[in-house]
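# Inside the fold
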Amino acid sequence: MQLNTIRAAALLVGVSAFVIAASWICGGAQGLQIGIVAVVGLNAVVYFFGDTMALRAMRARPVSEIERPELYRIVRDLATQARQPMPRLYLSPTRAPNAFATGRGPRRAAVCCTTGLLSLLNERELRGVIAHELAHIRSRDTVVCSVAAAVAAAITSLTALALLLPLGDSEDEDVPSVLGALLFLLLGPLAAGVIRVGVGRTREYSADRAAAELTGDPRGLANALRKIDVGARIHPLPAERPLLTAGHLMIAHPFPLRGVNRLFAVHPPIAERIRRLQRLADTWGAP
């Protein structure tokens, strides 16, 4: 648990040091001042908005117990079993079946489900998904993932500079869009690298196992992952900049595996996760 907090701090310190060093090398004393201002701004974004960026990208809204009593019942039951605080619940209005957890700690955590997920899974499968997200919260995976998402979003947001560049007397409205796309091709791999450094693939295996231990039902989560994988292929999320930098938070990779999207694919193969859960169920003699 503390390791993830240390990893989040190390990631932020490393990126900050890189920005300051690069600014000094490129601009000398003046560049150093700009770099320090940029780092202060980056840290402020991470602290104040890091745990809500993914929610905003998914257009998620808080959901009340009156609206989704069955969801509240499942989350409350599992959180009580896990002896951790009840997270805030959000709903994202998208057909793509997925879920994620975010937050700077268990007491500030949030779990978000998409409408596509809730309409696709039965209660047994939904319990497995919620238990998986609670496992991420408990191990503080959400801390390092939120930091990585905020840093990556800050990096890719620099593509907006294309709108500010002096383009002379050009009246072609497509020029800023083309420049923005070119900037993303340059900055996208850097943002993806930040996510890959901060987010390890083994965290999904660990969360899957912890979820199976909490519910006592590895096959429930395995069935959910199978359905989510198929549903994500039919209804993938659009590969937009804010969503790309938040995709690693989700229980399964939500984008088609092609082009720049592949750089942001940090999830282990669904087939391997399902195989491990089924082997766990066979070992436990679970139905």
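Residues numbered from 1 in each chain as written. Predicted model: local features only at pLDDT ≥ 70, side-chain atom pairs only at ≥ 80, totals over all residues. Heavy atoms only, no water.

Their axes nearest at 8 Å, the elements helix H5 (residues 123-138) and helix H8 (residues 202-215) cross at an angle of 120 degrees. With respect to their mutual orientation, H5 and H8 come out oblique. Pair H5 / H8 crosses with right-handed handedness. In contact with Arg 127, Gly 128, Ala 131, His 132, Ala 135 and His 136 of H5, H8 contributes Arg 203, Glu 204, Ala 207, Asp 208, Ala 210, Ala 211, Leu 214 and Thr 215. (Axes fitted to C-alpha atoms, helices over the stretch in contact; angles between N-to-C directions. Helix = DSSP H or I, 4+ residues; strand = E, 2+ residues; numbered from the N terminus. Parallel < 35°, antiparallel > 145°, perpendicular 65-115°, else oblique. Left-handed = near helix turned anticlockwise from the far one by under 90°. Contact = heavy atoms within 4.5 Å.)

Under the criterion given, the structure shown has 15 salt bridges. Here Asp 77 and Arg 127 are joined by a salt bridge, their closest N and O atoms 3.0 Å apart. Of this pair, Asp 77 sits in helix H3 (residues 69-82) while Arg 127 sits in helix H5; the two residues are 50 residues apart in sequence, bridging distant segments of the chain. For Asp 77, a relative accessible area of 32% puts it in the partly exposed group. In this structure, Glu 125 and Lys 227 form a salt bridge, with 3.0 Å as the shortest nitrogen-oxygen distance. Note that Glu 125 is positioned in helix H5 and Lys 227 in helix H9 (residues 218-234), a separation of 102 residues in sequence. Using a relative accessible area of 5% as the deciding quantity, one classes Glu 125 as buried. A cluster of three or more residues bridged by salt bridges with shared partners is formed by Arg 203, Glu 204, Asp 208 and Arg 273. (Salt bridge = Lys/Arg side-chain N within 4 Å of Asp/Glu carboxyl O. Buried < 20%, exposed > 50% of the residue type's maximum accessible area, 1.4 Å probe, protein only.)

By the element assignment, His 132 lies in helix H5. By relative accessible area, His 132 is classed as buried at 0%. A distance of 2.8 Å separates the side chain of His 132 from the side chain of Glu 204, its partner in a polar contact. Residues in contact with His 132, not counting those within four places in the same chain, are Glu 204, Ala 207, Asp 208, Ala 211, Leu 221, Ile 251 and Arg 273. (Polar contact = N/O pair within 3.5 Å; in protein donor to acceptor, adjacent residues only side chain to side chain.)

Per the stated rule, a full pass over the model turns up zero aromatic pairs. A cation over a ring is seen here: Arg 276 above Tyr 205, with NZ or CZ 3.7 Å from the ring centre. (Phe/Tyr/Trp six-rings, centres within 6.5 Å; stacked < 30°, edge-to-face > 60°. Lys NZ or Arg CZ within 6 Å of the ring centre and 35° of its normal.)

Right, let's talk about the sheet that holds strand S4 (residues 110-114) for a bit. Taken in spatial order, the four strands of this open sheet run S1-S2-S4-S3, and their pairing is mixed. Each of the sheet's edge strands pairs with one partner strand only, and the pair in question is strand S1 (61-62) and strand S3 (99-102). Sheet topology note: the S1/strand S2 (residues 88-92) ladder contains two bridges and is antiparallel. Bridge pairing in S2 places Pro 62 opposite Tyr 90. Across the face of the sheet, H5 comes into contact with S3 and S4 while running at roughly 25 degrees to S3. (Pairing = 2+ DSSP bridges.)

With 14 residues, H8 extends 20 Å from end C-alpha to end C-alpha; this agrees with the ideal 20 Å at 1.5 Å per step. Residues of H8 that are buried include every one of Arg 203, Glu 204, Tyr 205, Ala 207, Asp 208, Ala 211, Ala 212 and Leu 214, and no others. A positive phi of about 70 degrees marks Gly 216, the residue just after H8. (Expected span 1.5 Å × (residues − 1).)

Here S3 shows a buried face lined by Ala 99 and Ala 101 and a second buried face lined by Phe 100 and Thr 102. Where S3 and S4 come together, four bridges link them in antiparallel fashion. Paired with Thr 102 across the bridge in S4 is Ala 110.

It is worth spelling out the environment of Arg 219 at this point. Locating Arg 219 in the fold gives a position in helix H9. Overall, Arg 219 belongs to the partly exposed group, its relative accessible area being 23%. Along the chain, Arg 219 and Ala 281 lie 62 residues apart, while their C-alpha atoms are 6.5 Å from each other. When residues no more than four places from it in sequence are discounted, the contact partners of Arg 219 are Arg 124, Gln 278, Ala 281, Asp 282, Ala 286 and Pro 287. Polar side-chain contacts of Arg 219 include one of 3.4 Å to the backbone oxygen of Pro 287.

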